[in-house]
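Survey of secondary and tertiary structure
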Amino acid sequence: SSDDEALAFVEVLEGLQASHWLYGDEGLPKDLCYLDIADCTATGYRLYLYLPRKVRQADLPVVLSPAIGRLKHMHGFIITGDVTGPIPSELGNCTELTEIGVEKTKLSGTVPISLSMLANLYLLEINANEYLTGALDKHLFVSWPRITTIRMRNNYFVGDFPILDFSATPLLATVDAVANSFTGMAGVIE
């Protein structure tokens, strides 16, 4: 329901510790810190979060709440800046997601296999995250029939790069995973 989604959004804000951000003279967060819901339509919206470290009071963790999985009408999830913790596996419940962008964060761990459930995803960009490490599940990409772009540059992923099944991902045009520590490919199906 829309009430549950509104409550989930409040929980996400609480997890981001918005009350501890440092504010400038006009009551706005300093240095282009923003949390924005944009491109709102009757069917969904995009969530943008930019949070540089110098905007927050020192040593307060900023994490993504599992409540993010209840934002059922979120089409885009774009995040950058000083956010910690794992990429919530609950993000896989946001089945309307068409794009995910995670860049220059302090998120840790690996990419949850639950993201493989996002059949509407057309863009995945996970770039320059120094604490994203570990192996990716070999089946992460095989259930994305609309995916056109996968960019996973400058992280610390290891092991085999996930299977690329071009029969299941016919629109896939760009795959870029340079500057990781992949040792090979789990497989290519044409």
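This structure is a prediction, so every number in the text was calculated from the model and none was measured.

Its location among the elements puts G134 in strand β6 (residues 133-135). Non-local contacts of G134, meaning those with residues more than four positions away in its chain, are made with T110, Y156, F157 and V158.

Okay, the environment of N93 next. You can see N93 is positioned in the loop between β3 (74-86) and β4 (99-108). Taking the C-alpha atoms as reference points, N93 and R70, separated by 23 residues in sequence, lie 7.0 Å from one another.

Okay, the pairing of β4 next. As paired elements, β3 and β4 share 9 bridges and run parallel to each other. The partner of G76 across the bridge, within β4, is E99. Of the pairings in the sheet, the one linking β4 to strand β5 (residues 123-127) comprises 5 bridges and is parallel in character. In the sheet register, E99 faces β5, and the bridge partner there is L123.

A separate point is the packing of aromatic side chains. For the coordinates displayed, the defined rule picks out 4 aromatic pairs. Relative to W144, the ring of F141 has its centre 5.4 Å away and its plane inclined at 40°; by these criteria the two rings are tilted. We note that F141, like W144, is buried. A ring pair is formed by F141 and F161, whose centres lie 5.3 Å apart and whose planes are at 55°; its orientation type is tilted. Highlighted residues: F141 in the loop between β6 and β7 (149-151) and F161 in strand β8 (residues 156-161), separated in sequence by 20 residues. Assigned by exposure class, F141 and F161 land together as buried. Members of the aromatic cluster, each reached through a chain of ring pairs, are F141, W144, F157, F161 and F182.

If you look at the biggest cluster of nonpolar residues, it comprises 37 residues, and the most contacted ones within it are F77, L91, I100, L124 and W144. Mapped onto this core, the elements with two or more residues apiece are α1 (2-15), β3, β4, β5 and β8. Discounting chain neighbours no more than four positions away, the residues touching I100 are F77, L91, L115, L118, L121, L123, L124 and E125.

Let us now look at the sheet that holds β6. Read from one edge of the open sheet, 3 strands run β6-β8-β11, paired in parallel fashion. The sheet is open, and its two edges are formed by β6 and β11 (181-185), each paired on a single side. Shown here is a sheet whose adjacent strand axes are inclined to one another by a mean of 10°, direction ignored. Pairing between β6 and β8: 3 bridges, direction parallel.

Let us now look at the side chain of N129. Relative to the elements of secondary structure, N129 occurs in the loop between β5 and β6. Note on N129: relative accessible area 0%, which makes it buried. A polar contact is formed between the side chain of N129 and the side chain of T105, at a distance of 2.7 Å. Ignoring anything within four residues of it in the chain, the contact list for N129 reads V102, E103, K104, T105, N154, N155 and Y156.

Rules and cut-offs
- Residues numbered from 1 in each chain as written.
- Predicted model: local features only at pLDDT ≥ 70, side-chain atom pairs only at ≥ 80, totals over all residues.
- Heavy atoms only, no water.
- Helix = DSSP H or I, 4+ residues; strand = E, 2+ residues; numbered from the N terminus.
- Contact = heavy atoms within 4.5 Å.
- Pairing = 2+ DSSP bridges.
- Phe/Tyr/Trp six-rings, centres within 6.5 Å; stacked < 30°, edge-to-face > 60°.
- Buried < 20%, exposed > 50% of the residue type's maximum accessible area, 1.4 Å probe, protein only.
- Core = buried A, V, L, I, M, F, W, Y, C linked by side-chain atoms within 4.5 Å.
- Axes fitted to C-alpha atoms, helices over the stretch in contact; angles between N-to-C directions.
- Polar contact = N/O pair within 3.5 Å; in protein donor to acceptor, adjacent residues only side chain to side chain.

Interpretation in functional terms is not warranted from these geometric data alone.
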